[in-house]
Amino acid sequence: GTLSTNVGYNLESNNFTVDLNLADFAISNARAYLTDAMNVGKIEGLLDGQFKVRGNLSELLKMAISGDLELKEVDIQDNQNRAVLSLKELTADVNDIVLDDNRFDIAEVVIDGLKSHFDNLPNGSNFAQFFDVPKTATEPKEEPEPDTTLTTEGKPMKLKVGRFQLKDAEFTYNDQTL
């Protein structure tokens, strides 16, 4: 795949803009980063995207992200090579994401050719097993006492999706507890 960028920065105001263009980025490159949280055996697909990031270096969480993305020919399997999820194409048109406001304004999401299944097993489910990664044994660390005088209230998520379309989807539910 290819990545091209264009970066602008104003020294006086600390404002910045970053334009990112991804073409045919292999998402299999992300597998190494996912194995700590998921039992991923295989992850394949291609990512295209055009993103614009704008903000101020003094207030990074207030930066705004917008753009378009497209995932193609996605195939995710667990570490025993069992299918977890596949899709032909996912496209998203992002108006604005601002982390500081917990705001996600998505103009459109289209998912085509989604295939997945849910196995209800006597000891959980296939998805629970997919995300049940054993913790590695480490030396216990002494952690400082939490400061109970500081309290922060989380901002509620503001999610807006203008249009959501699911085309040609297949979902199978297997109950193996009976």
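Residues numbered from 1 in each chain as written. Predicted model: local features only at pLDDT ≥ 70, side-chain atom pairs only at ≥ 80, totals over all residues. Heavy atoms only, no water.

Asks: Hey, could you run me through the side chain of Asp75 in this one?
Replies: Within the secondary structure, Asp75 is located in strand β4 (residues 59–78). A distance of 3.0 Å separates the side chain of Asp75 from the side chain of Lys42, its partner in a polar contact. The residues contacting Asp75, other than those within four sequence positions of it, are Lys42, Ile43, Glu44, Leu85 and Ser86. (Helix = DSSP H or I, 4+ residues; strand = E, 2+ residues; numbered from the N terminus. Polar contact = N/O pair within 3.5 Å; in protein donor to acceptor, adjacent residues only side chain to side chain. Contact = heavy atoms within 4.5 Å.)

Asks: Would you explain the packing of aromatic side chains in this entry?
Replies: Two aromatic rings, taken as a pair, are described by how far apart their centres are and by the angle between their planes. Summed over all chains, the structure comprises one aromatic pair. Between the aromatic rings of Phe118 and Tyr173, the centroid separation amounts to 5.8 Å while the plane-to-plane angle is 5 degrees, which identifies the pairing as stacked. Taken as a pair, Phe118 in strand β7 (residues 115–121) and Tyr173 in strand β10 (residues 170–175) lie far apart in primary sequence, 55 residues in all. (Phe/Tyr/Trp six-rings, centres within 6.5 Å; stacked < 30°, edge-to-face > 60°.)

Asks: Is there a simple way to think about the nonpolar core in this case?
Replies: Within soluble globular proteins, side chains that are nonpolar generally end up buried alongside one another. Ile76, Leu87 and Ile111 are the most contacted members of the largest nonpolar core, which has 19 residues in total. Of all the elements in the fold, those that place two or more residues in this core are β3 (40–56), β4, β5 (83–98) and β6 (103–112). A per-element tally of this core places β5 first, with six residues. Those residues in contact with Ile76, other than ones at most four positions away along the chain, are Lys42, Ile43, Arg82, Ala83, Val84, Leu85 and Phe130. (Core = buried A, V, L, I, M, F, W, Y, C linked by side-chain atoms within 4.5 Å. Buried < 20%, exposed > 50% of the residue type's maximum accessible area, 1.4 Å probe, protein only.)

Any functional reading would require information that these geometric values do not contain.
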